[in-house]
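Each chain, written out:
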Amino acid sequence: MSAPQPLLEVEDLVKHFPVKGGLFGREVDRVHAVNGVSFSLAQGETLGLVGESGCGKSTTGRCVLRLIEPTSGEVRLEGRSVTAMGRAELRAAARDMQIIFQDPYASLNPRMTVGAIIGEALVIHELAQTPAEHEARVVELLRTVGLHPDHARRYPHEFSGGQRQRIGIARALAVSPRLIVCDEPVSALDVSIQAQVINLLEDLQERFGLTYLFVAHDLSVVEHISDRIAVMYLGRIVEVAPARELYTSPQHPYSEALLSAVPIPDPSVRRKRIVLQGDVPSPIHPPSGCAFHTRCPYRKDPVCSSELPPLRDLGGGRQVACHLRG
Ligand code: SF4
């Protein structure tokens, strides 16, 4: 029996941003934000996409939805090429693919009531036949995310950060999407509120069969919600693994360093902290060979600084891009 078709397939995705300068604003350089990223997501699965800020994870998420136009590569949703879609087709496909943003306040129009924000997509996609049906759906969405129907008449500034993120989630759910890109949805929230929002996202996934691409810079945030985790460094995926395996035995030196910074709740268990030397290099001129070689404690020359390690399959759903592994 052949494997079911993935819901989302991303193939060799590239996004370079021009750097303009000089008197005439000509392109003088390029930011290599995403450099050939490939992955797939099964229906109902959560893939955590993690890495330090500037590694290209949010750009990848936005390119999937074409909120940012990719430079090259292909994105397919159930076999349909999202990257080849024209405007009208893309607008229709937005019913299947939604996003929850990091900053729930900046992403909500302060001049619109919460009811209007949540109901906007119902109007755009003509999902309610009558005003009564529209109102009933908005109330249902508010309840689904744990808010009160009366909140529909209020404005975003009247809510706490956690409540605002719930409004953002209700807005994304309005069109009954299949895929949601969660772009650092809890990074701006207090730790106590983070768990509540993550629990809500997990409940919604179970209830509606949602598929998540969960972008985060913090491995501890994606640990519980992800089925698999992809680690990104300077625009490339360097490791993919089932979540538990990544936590227990990371294969890439960068994953190992990221993991060493995650606090362990059990004080009797100690993990050696790996402090990486230097900063993340500039994505305008990424290092040659393995982009991590300037900070890698295991670097072996000349291979590490001259040859790009391919993302190799290790079996058991694990892939790693390192000359010393696989
Ligand atoms: Fe380190 Fe070399 Fe592996 Fe890159 S390829 S992670 S530099 S050991």
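Described in the following lines is the structure provided in the data block. Nothing here was measured: the structure is a model prediction, and the numbers come from that model.

**Here's the deal with the pattern of salt bridges**
Opposite charge on two side chains lets them pair, provided their charged atoms get close.
Phase 1 of the analysis: Enumeration according to the criterion identifies 15 salt bridges in this entry.
Phase 2 of the analysis: In this structure, the salt-bridge partner of Glu140 is Arg137, at a minimum N-O distance of 3.4 Å. Taken together, the residues Glu140 and Arg137, both in helix H4 (residues 131-144) and three residues apart, mark about one turn of the helix.
Phase 3 of the analysis: Put simply, Glu9, Glu11, Glu74 and Arg76 are held in one network by salt bridges that share partners.

**A word on helix H3 (residues 114-124)**
The periodicity of an α-helix, 3.6 residues per turn, causes residues three or four places apart in sequence to face the same way.
Phase 1 of the analysis: Buried within H3 we find Val114, Gly115, Ile117, Ile118, Gly119, Ala121 and Leu122.
Phase 2 of the analysis: The secondary structure elements touched by the buried residues of H3 are H4 and helix H5 (161-173).
Phase 3 of the analysis: Glu126, located one to two residues past H3, shows a positive phi value of around 50°.

**Brief notes about the sheet that holds strand E2 (residues 26-41)**
Phase 1 of the analysis: Read from one edge to the other, the open sheet built from four strands follows the order E2-E1-E4-E5, with strand pairing classed as antiparallel. Two strands bound the open sheet, and with one partner strand each, they are E2 and strand E5 (80-81).
Phase 2 of the analysis: Bridge count between strand E1 (residues 8-21) and strand E4 (residues 72-77): five bridges; the pairing is antiparallel. In the strand pairing of E4, Val10 is matched with Val75.
Phase 3 of the analysis: Sheet strands in contact with helix H1 (residues 57-65) are E1, E2 and E4, and its direction is about 110° off that of E1.

**Digging into the site of the ligand**
Phase 1 of the analysis: By nearness alone, every residue bordering the ligand is listed as His252, Pro253, Cys290, Phe292, His293, Cys296, Tyr298, Cys304, Cys322, His323 and Leu324.
Phase 2 of the analysis: Put simply, the ligand lies in the largest cavity.
Phase 3 of the analysis: For the shell around the ligand, the residue count by class is eight nonpolar, three polar and no charged.

**Some words on the pairing of strand E9 (residues 228-233)**
Phase 1 of the analysis: Counting buried positions along E9 gives six out of six residues, so the element sits mostly inside the fold.
Phase 2 of the analysis: On E9, burial covers both faces: Arg228, Ala230 and Met232 on one face and Ile229, Val231 and Tyr233 on the other are all buried.
Phase 3 of the analysis: Examined bridge by bridge, strand E3 (residues 46-50) and E9 share four bridges and lie parallel to one another. The residue bridging Gly48 from the neighbouring strand is Ile229, located in E9.
Phase 4 of the analysis: Inspection of the sheet shows E9 paired to strand E10 (residues 236-242) by six bridges, in the antiparallel sense. Its bridge partner being in E10, Ala230 is matched across the sheet by Val240.
Phase 5 of the analysis: Counting the residues in the hairpin turn of E9 and E10 gives two residues, including Leu234, whose phi is positive at 45°.

Parameters and conventions
Residues numbered from 1 in each chain as written. Predicted model: local features only at pLDDT ≥ 70, side-chain atom pairs only at ≥ 80, totals over all residues. Heavy atoms only, no water. Salt bridge = Lys/Arg side-chain N within 4 Å of Asp/Glu carboxyl O. Helix = DSSP H or I, 4+ residues; strand = E, 2+ residues; numbered from the N terminus. Buried < 20%, exposed > 50% of the residue type's maximum accessible area, 1.4 Å probe, protein only. Contact = heavy atoms within 4.5 Å. Pairing = 2+ DSSP bridges. Axes fitted to C-alpha atoms, helices over the stretch in contact; angles between N-to-C directions. Near = heavy atom within 4 Å. 1 Å grid on protein atoms, 1.4 Å probe; cavity = no way out; pocket = protein on both sides within 12 Å on 5 of 7 lines; lining within 4 Å. Sits in = over half its atoms within 2 Å of the grid points. Nonpolar A, V, L, I, M, F, W, Y, C, P; charged D, E, K, R; others polar.

Everything listed here is a matter of coordinates, which is why it stays silent on function.
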